[in-house]
Amino acid sequence: MPQEQYAHRNNIPGSEGPQVYKVGIYGWRKRCLYFFVLLLMILILVNLAMTIWILKVMNFTIDGMGNLRITEKGLRLEGDSEFLKPLYAKEIRSRPGNPLYLQSARNVTVNILDDDMNVQTRVITGAQGVDAYGKRFQVMSNSGKLLFSATNEEVVVGAERLRVLGAEGAVFPKSIETPNVRADPFKELRLESPTRSLTLEAPKGIEIDAEAGDLLATCRTDLRLESKDGEISLDAANIKLPRLPRGSYSSTGARQKVYEICVCSNGRLFLSQAGSGSTCQINSGVCS
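Residues numbered from 1 in each chain as written. Predicted model: local features only at pLDDT ≥ 70, side-chain atom pairs only at ≥ 80, totals over all residues. Heavy atoms only, no water.

The first and last C-alpha atoms of helix α1 (residues 28-57) sit 43 Å apart over 30 residues, in line with the 44 Å expected at 1.5 Å per residue. Where α1 terminates, the next one or two residues include N59, which has phi positive at roughly 55°. (Helix = DSSP H or I, 4+ residues; strand = E, 2+ residues; numbered from the N terminus. Expected span 1.5 Å × (residues − 1).)

Okay, here's the thing in structure tokens:
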């Protein structure tokens, strides 16, 4: 920087000549100014280089940054993405033909809020299982048919067949209502109540069929077949009652091996030796 000099003439008379004053930056101040200007240029170059490096590493483009792309339909993330804080979005979906993975070190929670920001429905998937909280839970088929529904009042299974694969079967602490109970082909169907009674009731009728096997009904106390307005029909080629009690028989004459079935007033059945007429009245003492 050139130094400016100007001559200052003193109006005071004297023998001395005109005095010259130097104006500007010179000496160590000039060197410091040059050093700071050079340092500022270096910082600008370093900052520009770092900015270019960050843009290169983060893959900044006019369409987005890194794996994030801005499209007309919203934001598109390619590859794995990690969110350290809550994510608010109207819709989250994967690309066509690719699955959507949600991964967390602890659990994944989905909350549905109302206008007052109160939780109405919550789904929590964690290490212990999947928990769902809500007023109703439904499972629908691709065609829109109800397969399963659960509310506080009832649980509905809409599938054509409910199959229980457990070795111990299904346990119902209370009553069950169904139009049909059957086993798989070539499998055994068992209705059992280990510590209580087993009751089958129907307003019109109960039909028990064993088309390719045996029908066995056992109990510890009483087995009761009751029809209030109709009849009880045992339709089989052979009906055997092997343990019916037998009434007394006459020792005179030839002993008959033909018996008739008698019914007491209390409903008890017993065998009585057949004769020319009914012998049920003779053996009425069996009913006591």
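Picking up after the structure, the text goes on.
Moving on, we get to the layout of surface pockets. Quantified by volume, the second largest pocket comes out at close to 2300 Å³. Along its surface, the second largest pocket is lined by 40 residues, and F83, L87, I92, L100 and L102 are the ones closest to its centre. Elements that contribute at least two residues to the lining of the second largest pocket include exactly β5 (68-71), β6 (74-77) and β7 (108-113). When grouped by side-chain class, the residues that make up the lining of the second largest pocket number 20 nonpolar, ten polar and ten charged. (1 Å grid on protein atoms, 1.4 Å probe; cavity = no way out; pocket = protein on both sides within 12 Å on 5 of 7 lines; lining within 4 Å. Points joined across faces, edges and corners; volume = space filled by probe spheres on them. Nonpolar A, V, L, I, M, F, W, Y, C, P; charged D, E, K, R; others polar.)

Let us now look at the environment of Q128. The residue Q128 is located in the loop between β8 (119-126) and β9 (129-133) in this model. Measuring from C-alpha to C-alpha, the distance between Q128 and N107 comes to 9.5 Å, with 21 residues separating the pair along the chain.

Glancing now at the sheet that holds strand β10 (residues 137-140). Spatial strand order, β10-β11-β12: three strands in an open sheet with antiparallel pairing. The open sheet terminates on both sides in strands that have one partner only, identified here as β10 and β12 (155-157). Strand-to-strand twist of the sheet, defined as the mean angle between neighbouring strand axes without regard to direction, takes the value 10°. One ladder, built from three bridges, connects strand β11 (residues 146-150) with β12; its direction is antiparallel. In the sheet register, S149 faces β12, and the bridge partner there is V156. (Pairing = 2+ DSSP bridges. Axes fitted to C-alpha atoms, helices over the stretch in contact; angles between N-to-C directions.)

Let's shift gears to the pairing of β5. The pairing of β5 with β6 spans four bridges and is antiparallel. Counterpart to T71 in the pairing with β6 is G74. Between β5 and β6, which pair antiparallel one after the other, the connecting turn spans two residues.

Take the state of the cysteines next. Taken as a whole and judged by the stated rule, the model has one disulfide. In this model C262 forms its disulfide with C280; the gap between the sulfur atoms is 1.9 Å. In this structure the cystine formed by C262 and C280 twists about its S-S bond by roughly -80°; its chirality is therefore left-handed. Remark: C280 occurs in the segment after β14 (269-273) and C262 occurs in strand β13 (residues 259-263); sequence separation between them is 18 residues. There is no split in this pair, since C262 and C280 are both buried. (Disulfide = S-S within 2.5 Å. Buried < 20%, exposed > 50% of the residue type's maximum accessible area, 1.4 Å probe, protein only.)

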